[in-house]
Amino acid sequence: MPRELSPRLAAIVEALPLRPGLRVLEIGCGPGVAARAIARRIGEGHVLAIDRSAKAIVQAMAGSAAELASGRLSFRHVAIEELELEEGEGPYDIAFAVRVGALDGRHPEAGRLARQRIRRALREGGRLYIDGGEPLREISLDD
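The paragraphs below set out a description of the structure included in this document. Bear in mind that the values here come from a model prediction, so they are computed numbers and not experimental data.

### Re the sheet that holds strand E6 (residues 136-139)
Within the open sheet, the 6 strands sit side by side as E3-E2-E1-E4-E5-E6. Their pairing is mixed. Both edges of this open sheet fall to strand E3 (73-77) and E6, since each of them pairs with a single strand only. Across this sheet, the average inter-strand angle for adjacent strands is 25°, counted without regard to direction. One ladder, built from 4 bridges, connects strand E1 (residues 23-27) with strand E4 (residues 92-97); its direction is parallel. From the neighbouring strand, Ile27 faces E4, where its bridge partner is Ala97. Against the sheet, helix H3 (residues 54-62) contacts strand E2 (46-51) and E3, and its axis sits at roughly 160° relative to E3.

Conventions used here
Residues numbered from 1 in each chain as written. Predicted model: local features only at pLDDT ≥ 70, side-chain atom pairs only at ≥ 80, totals over all residues. Heavy atoms only, no water. Pairing = 2+ DSSP bridges. Helix = DSSP H or I, 4+ residues; strand = E, 2+ residues; numbered from the N terminus. Axes fitted to C-alpha atoms, helices over the stretch in contact; angles between N-to-C directions. Contact = heavy atoms within 4.5 Å.

Structure representation (structure tokens):
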């Protein structure tokens with residue numbers, strides 16, 4: 001299981017508009033490498049990292065004991081098309097996804113559902129970034 005950021009993921013994390021206190025939603029977290037890096041950068045903020053793969057979530061949690069214990073990071077086994085905020089869970093400031101078919105145009109209907117769920121999970125004015133830019137691009141949540 002990767003413990004360090006690849007150069008590509010490092011560039012993506014660096015390109016995100018991170019600052020202390022942010023709430024960040026990572027869509028398709030895989031083994032959690034980017035989520036851990038972001039949790040270290042946002043101080044008292046919080047990262048929720050989700051993935052549709054149960055195996056990925058198990059791997060991510062296994063490598064994230066310190067971040068989980070601090071409360072700055074949590075994982076959830078859920079597809080973005082099915083994400084619902086839990087009772088009492090606050091909205092997120094930004095969301096990002098790397099190589100997620102529902103958001104890169106490969107699956108248009110899944111993409112429509114995913115954008116609806118992301119819109120509900122973000123605060124008003126929240127922003128969504130996906131890979132495919134230099135290294136990221138912001139995409140609209142408008143239908």
